[in-house]
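Descriptive structure summary
Letter by letter, the chains look like this.
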Protein chains: 2
Amino acid sequence: MQIDYKQAAEIIRSCDNVHILTHQSPDGDTLGSGFALYFALRAMNKRAAVICPDGIIQRYRFICQGYEEEETFEPECVIAVDIADPGLMGEVQQKYENIVDLCIDHHISNTMYAKKTLVNPNASAACEVMYHLFSELGTKIDDNIARCLYTGIATDTGCFKYSNTTPSAHIIAAEMIGYNIDFATINREMFDIKSKERLYLEQHIVDHMETYHNEKCAVLCITEDLCTRLGVDMEELDGVAGLPLQIQGMEVAVTMKEKKPGVYKISMRSAGKINVSRICQQLGGGGHVNAAGCLVTGGLDDAKAQIVEVVGKALGE
Amino acid sequence: MQIDYKQAAEIIRSCDNVHILTHQSPDGDTLGSGFALYFALRAMNKRAAVICPDGIIQRYRFICQGYEEEETFEPECVIAVDIADPGLMGEVQQKYENIVDLCIDHHISNTMYAKKTLVNPNASAACEVMYHLFSELGTKIDDNIARCLYTGIATDTGCFKYSNTTPSAHIIAAEMIGYNIDFATINREMFDIKSKERLYLEQHIVDHMETYHNEKCAVLCITEDLCTRLGVDMEELDGVAGLPLQIQGMEVAVTMKEKKPGVYKISMRSAGKINVSRICQQLGGGGHVNAAGCLVTGGLDDAKAQIVEVVGKALGE
C-alpha cells in the first residue's frame, strides 16, 4: 500500500527495535538513506541496526562513521531503503522479503512488496525522500545525517551531473554543505579516486577497444584472465561499461564479460540518443534507456557479430 | 575602487555601447558571466559585444547560442568579467588594460586595475556574483541567461564537486535548472567528452608517469613532440595536470611542459593536504593552495631533481 510522508512519519514514530535494510552491493544512496535513518532513530532513543547484504566496500565506509553495532536483536519493525524489489536483498532476501513493514524509495519500478511503501519517483535519490520525511518528523539534522544525505544525493545524480538532478536535490545539498561535512573529500573518494590497477585496466580498454559503425559503437571484452593479470578486483569494475562514451561521437558502448566459456554477460550504455533497453530486449535482456544488459551465448566472434548487428540497426547504419 | 552590488547596478543602468571582456583561453565561467551580462544588457535595449581573446573553443560554443555579432563599435563602457589581472587579457591587453570601467570578479587576487571593481571572493564563480548583480538590477532570468550562469558555476566548482562550492552556488543552480536548459548535456560536454587523441594522451601519461616519495608524488613530462605524435591539440590539455591525483594515495602531481629547450613550465596540483603554492613559491612561482605553477630551467633530469626535492620536503619525506 502506498502511503504519504505523514503516514510514514507516523509509522516511524510508533516503531522500535528497527532493522534497516539496504540493497545488495550497497551504493552511496542506499547506505546514505539507511544510515541517515539510523542516526535519526537513535536521536529518538530507538534501537536500530543497519543490515547491509554483501557488506560495505572501502570507498563507502566513511558513511557509517558514528554507527554503533548493537548486539543482535529481533526487529519489531523492518524498514527497507532504496530497495525497489525483494530480489535486490541478496543473501537476506529469504529472511526479510515478506516482513518489510515500510519501504522508502524513489524507483518508479518499486514492486510494492512492503506492507507500506513511501515512494517518490520524482526524487533524484532515496536520500531526497528521506530528507522530506525528516522534515515531516521534525528530525534535527546533524553532521552525521548531513553527510549521509549529501552522499546519497551526490551518488545518484553523478554529483549533480545527470538529468535526474532536481532543483530539490540542489536545495538539500545547499543545506547539507552548511554542516560540518567534508563534501569535497567525499566527492573525490566517490568519483575521482581509482586504484593504480583500475587506471591500468582503463588504459588497456582504450587500447583494445573495437569500434564499429563509424566509431559510434565501441565493444570491450573483459575476461577474468585479464582482471587477474592486471590485478583488478571485480569490485573495481563499476563504471567501466560507460568508459567509451567519453569519446566524442560515441553513442553506444558494449561491454562483454565472459561468465563461463561461451556465455557472455553484456552491459550496454547509451550516450543519450539510442535506447539500449530496446536493443537488449531483442537479445532477451532489458533495463533502462541508457543502461541495459543481456546474456549472449556462442563463440566470442559470433556473440560479438550478433550484438554489433542489432546495435547497427538501432543506429540506422 | 571597490564597489558594492548597488553601485555596480547603477553603473550598468547608466552605461550604453558596452564591450564585455573575457579572459584569454576563455573557460565556462568567464564566458558564462560575459554572455549572461550580454543577454541582460540586450534585454535593457543596450548595445553590447563580447570580446573573447583567443576565440571560443568548440566545447564552449553552446554558451553563445543566441548571441548576435554587432558591427564593430567604439565602447562607451568596458566591463571585464572574471579577469583578476590585465595580464589575462591576452592579445587585447594593450587596447583595454587602462580603460576598464567596471570589473566583475570573484578572485581574491584581483589587482583592482579597473576604475570600479565588484569582487566577491566568497563566491564560487564570477557567475555567482553576476547572479546577485542581476537580482539587484531586477534582471528577468531567461533560458539563455540560465544556461550561461549554470555553466559558469558548474565550471568553477567542477560540477559542485570542489570545496569552493557554496550553498549559494547550489541554490542558484536549483533555480537555473528550472529553466529550459539541457544541463545534463552541458555537463557531459564539459566534463566527460574527450577526443580519442586525448584518451590516448591520458593512456600515455599513465604509462610513463614517474612516481616518487612512496607514490605520493607523480611527475609527468609533456613535450611538444609527444603532442604532435599523438595528434593532441594543446587546447585539449586542460585537466591533464590533475590526472595523477585520481590515484589512491597520491598527494602531489607535477606536470612539466617543455616551453623551449632547457625551460620547463611546471604545473603543480595537490589532492588537498599539501600547499603547492608554497612549494612553487620556493621555485619562484605561485598560485593557489591546490593549483600552482612556476618555471624551472636546466636539463630535464636536473629540473626534475630540483622539483622532486622540494616536493619531498613538503611531504615530510
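A brief look at the structure comes next. (Residues numbered from 1 in each chain as written. Chains lettered and ligands numbered in written order. Predicted model: local features only at pLDDT ≥ 70, side-chain atom pairs only at ≥ 80, totals over all residues. Heavy atoms only, no water.)

Points about the relation of the copies chain B and chain A
So the rule is basically this: Least squares is the method used to superpose the copies, on C-alpha atoms of residues holding a pLDDT of at least 70 in both. In this description, contact between two residues means that some pair of their heavy atoms is separated by no more than 4.5 Å.
Least-squares fitting of chain B to chain A yields an RMSD of 0.5 Å, with the superposition described by an axial translation of 0.2 Å and a rotation of 180 degrees. This pairing of chains is accounted for by a two-fold axis. Comparing interface residues between copies, 100% of those in chain B also sit at the interface in chain A, which points to an isologous, same-surface contact.

Looking at the packing of helix H5 (residues 143–156) of chain A against helix H6 (residues 167–176) of chain A
Residues and elements named next belong to chain A. Worth spelling out the cut-off: Axes here mean lines fitted to C-alpha atoms, for a helix over just the part in contact, with angles spanning 0 to 180 degrees between N-to-C directions. For helices the rule is a DSSP run of H or I covering at least 4 residues; for strands it is a run of E covering at least 2, with both sets numbered from the N terminus onward. Should the near helix be turned counterclockwise from the far one by less than a right angle, the crossing is left-handed, whereas a clockwise turn marks it as right-handed. For this classification, Asp, Glu, Lys and Arg are treated as charged, while Ala, Val, Leu, Ile, Met, Phe, Trp, Tyr, Cys and Pro are nonpolar and the rest, including Gly, are polar.
Packing of H5 against H6 brings their axes to within 10 Å, and their N-to-C directions diverge by 150 degrees. H5 and H6 meet at a crossing whose hand is left-handed. Residue-level inspection shows Ala146, Leu149, Tyr150 and Ile153 of H5 in contact with H6, the latter providing Ala169, Ile172, Ala173 and Met176. Here the contact of H5 with H6 is built from residues that sort into 8 nonpolar, no polar and no charged.

Some points on the environment of Arg42(B)
All names here are of chain B. To keep things clear, this is the line we draw: When accessible area is computed with a 1.4 Å probe and restricted to protein chains, residues below 20% of their type maximum are described as buried, those above 50% as exposed, and intermediate ones as partly exposed.
For Arg42, the position within the fold is in helix H2 (residues 28–43). Residue classification places Arg42 among the partly exposed positions, given a relative accessible area of 31%. It is 34 Å that separates the C-alpha atoms of Arg42 and Ser163, two residues lying 121 residues apart in sequence.

Comments concerning the pairing of strand E8 (residues 252–260) of chain A
Residue and element names in this part refer to chain A. The criterion, for reference: Two strands qualify as a pair provided DSSP detects at least 2 bridges between them.
The sheet contact formed by strand E7 (residues 217–222) and E8 spans 6 bridges and is parallel. Residue Cys221 lies in a different strand from E8, and its bridge partner there is Met256. Direction of pairing for E8 relative to strand E9 (residues 263–270): antiparallel, over a ladder of 8 bridges. Within E9, the residue paired with Lys257 across the bridge is Lys265. Two successive antiparallel strands, E8 and E9, enclose a turn made up of 2 residues, where Gly262 displays a positive phi of approximately 85 degrees.

What about the packing of aromatic side chains?
Basically, it comes down to this: In this scheme Phe, Tyr and Trp rings, the latter by its six-membered ring, pair at centre separations within 6.5 Å, and the angle between planes marks the pair as stacked below 30 degrees, edge-to-face above 60, and tilted otherwise. Cation placement over rings: the criterion is NZ of Lys or CZ of Arg within 6 Å of the ring centroid and within 35° of the ring normal.
Following the criterion strictly, the structure yields 11 aromatic pairs over all chains and no others. Between Tyr150(A) and Phe183(A), the ring centres sit 5.9 Å apart and the planes meet at 50 degrees, which makes this aromatic pair tilted. Residue Tyr150(A) is found in helix H5, and its partner Phe183(A) is found in helix H7 (residues 183–192); the two are separated by 33 residues along the sequence. A relative accessible area of 1% means that Tyr150(A) is categorised as buried. Seen in terms of ring centroids, Phe35(B) and Tyr67(B) are 5.0 Å apart; in terms of plane orientation they differ by 85 degrees. Their pairing is edge-to-face. Taken together, the residues span a long stretch of sequence, with Phe35(B) in helix H2 and Tyr67(B) in the loop between strand E2 (48–51) and strand E3 (77–81) at a distance of 32 residues. For Phe35(B), a relative accessible area of 2% corresponds to the buried category. Taken together through their ring pairs, the aromatic side chains of Tyr150(A), Phe160(A), Phe183(A), Tyr150(B), Phe160(B) and Phe183(B) make up a single cluster. Taking NZ or CZ as reference, Arg59(A) lies 5.7 Å from the ring centre of Tyr60(A), over its face.

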